[in-house]
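For reference, the chains in residue letters:
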Amino acid sequence: MITAAAKLGIYKVNTFIGRDKNKSVDENFEMFGSVWKPLIEFAESSQVKVGIENCPMIFTRDEWPGGNNLASTPAIWRRMFREIPSDCFGLNYDPSHLLWMQMDYIKPIYEFSSKLFHIHLKDARVYRNKLNEVGIMATPLEFHSPKIPGLGDIEWGRFVSALTDIHYRGPACIEVEDKSFEDTLENRFRALDLSKRHLRQWI
């Protein structure tokens, strides 16, 4: 992917760190260094920036794609970037994941402004009645749903305002992961159109 991105003149790749869910964060960091330091060194040699999405990747047995992701919180991002202090190592930032984890999705924009390589424009709705039943230790889809921008709980005016504060000029993509629009190709295009119309008031 890194080689292809350089050949295509894109110079950006997004992915996940991965995580062994049977090991502690510290144990995962031991593997993180051995796997990711050479990968980022290779990215540097190609002048490609690697953005890590902040989704915890916690799924039930019948959900695609499975697997977990170490890089889900600001505390872990700080540690990652201390261990690999590279200008080619950053984030693919999706506010919806912080929202369902009950975290501030605005503050990290300022702290990690130089590490924001890509933005996912995806919303989410937390169903408080379900959360009160299962708690935050349940699998995420037991108490929340991914939504298109404008149909969830993200305050997009505040989010875009923060991005303009840091003079973000990188790529941003609408991520359609809303089951209300997944049934037909026509509805998926409609989801993009509705998202675009909602976001246009700030972008």
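Here is what the cut-offs are and how they apply
- Residues numbered from 1 in each chain as written.
- Predicted model: local features only at pLDDT ≥ 70, side-chain atom pairs only at ≥ 80, totals over all residues.
- Heavy atoms only, no water.
- Helix = DSSP H or I, 4+ residues; strand = E, 2+ residues; numbered from the N terminus.
- Rg over C-alpha atoms; globule rule 2.2 N^0.38 Å.
- Buried < 20%, exposed > 50% of the residue type's maximum accessible area, 1.4 Å probe, protein only.
- Areas by Shrake-Rupley, 256 points an atom, 1.4 Å probe, with all protein chains shown as cover.
- Lys, Arg positive; Asp, Glu negative; His and termini not counted.
- Charge placed at Lys NZ, Arg CZ, Asp CG, Glu CD.
- Pairing = 2+ DSSP bridges.
- Axes fitted to C-alpha atoms, helices over the stretch in contact; angles between N-to-C directions.
- Disulfide = S-S within 2.5 Å.
- Polar contact = N/O pair within 3.5 Å; in protein donor to acceptor, adjacent residues only side chain to side chain.
- Contact = heavy atoms within 4.5 Å.
- Salt bridge = Lys/Arg side-chain N within 4 Å of Asp/Glu carboxyl O.
- Phe/Tyr/Trp six-rings, centres within 6.5 Å; stacked < 30°, edge-to-face > 60°.
- Lys NZ or Arg CZ within 6 Å of the ring centre and 35° of its normal.

(A) Broad picture of the overall build of the protein. The helix and strand tally for the protein stands at 8 helices and 7 strands. Relative to the 2.2 N^0.38 estimate, which gives 17 Å for 203 residues, the radius of gyration of the protein is 17 Å and therefore close to what a compact globule would have. The C-alpha extent of the protein, read off along each of the three principal axes, is 45 × 40 × 35 Å. By the burial criterion, 44% of the 203 residues in the protein qualify as buried. Here the protein displays about 11,300 Å² of accessible surface, and carbon together with sulfur accounts for 52% of that area. Charged side chains in the protein number 26 positive and 27 negative. The centres of these two groups are separated by 3 Å.

(B) Spotlight on the sheet that holds strand 3 (residues 89–93). Taken in spatial order, the 5 strands make up an open sheet running 1-2-3-4-7, and their pairing is parallel. Each having just a single partner strand, strand 1 (12–15) and strand 7 (172–174) make up the two edges of the open sheet. Along the sheet, successive strands turn relative to each other by an average axial angle of 25°, direction set aside. For strand 3 and strand 4 (residues 116–121), the ladder comprises 3 bridges, and the chain directions are parallel. Paired with L91 across the strands is L116, a residue of strand 4.

(C) Highlighting the state of the cysteines. With the rule as written, the count across this model stands at 0 disulfides. Note on C55: no disulfide assigned, nearest cysteine sulfur contributed by C173 at a separation of 14 Å. Owing to a relative accessible area of 11%, C55 belongs among the buried residues under this scheme.

(D) Just the side chain of N68, in detail. Its place among the elements puts N68 in the loop between strand 2 (49–53) and helix 3 (74–83). Separated by 2.7 Å, the side chain of N68 and the backbone oxygen of M57 make a polar contact. Not counting the four nearest positions on each side in its chain, N68 is found in contact with G18, R19, K21, P56, M57 and I58.

(E) Quick look at the pattern of salt bridges. For the coordinates displayed, the defined rule picks out 11 salt bridges. The residue E111 makes a salt bridge to R78 at a minimum N-O spacing of 2.5 Å. Of the two residues, E111 sits in helix 5 (residues 107–111) while R78 sits in helix 3, which places them 33 residues apart along the sequence. The shortest N-O distance in the salt bridge between K122 and D94 comes to 3.7 Å. Of this pair, K122 sits in the loop between strand 4 and strand 5 (123–126) while D94 sits in the loop between strand 3 and helix 4 (95–100), and the two are 28 residues apart along the sequence. Neither residue differs from the other here; K122 and D94 are each classed as buried. What you see here is one network of salt bridges that share partners, running through D94, K122, E175 and E177.

(F) Main features of the packing of aromatic side chains. Scanning all chains against the criterion turns up 10 aromatic pairs. Seen in terms of ring centroids, W77 and Y93 are 6.1 Å apart; in terms of plane orientation they differ by 75°. Their pairing is edge-to-face. Taken together, the residues W77 in helix 3 and Y93 in strand 3 connect sequence positions 16 residues apart. Pair check on accessibility: W77 and Y93 agree, each one buried. Both rings, one in W77 and one in F112, keep their centres 5.2 Å apart while their planes meet at 85°; by these two values the pair is edge-to-face. Of the two residues, W77 is situated in helix 3 and F112 in the loop between helix 5 and strand 4; the sequence distance between them amounts to 35 residues. Each member of the pair W77 and F112 is classed as buried. Through a chain of ring-to-ring contacts, three or more aromatic side chains come together here, namely F29, F32, W36, W77, F81, F89, Y93, F112, W156 and F159. Across the ring face of F29, the terminal group of R79 is positioned such that the distance to the ring centre comes to 4.0 Å. The residue whose ring lies beneath K115 is F81, and the NZ or CZ to ring-centre distance is 4.6 Å.

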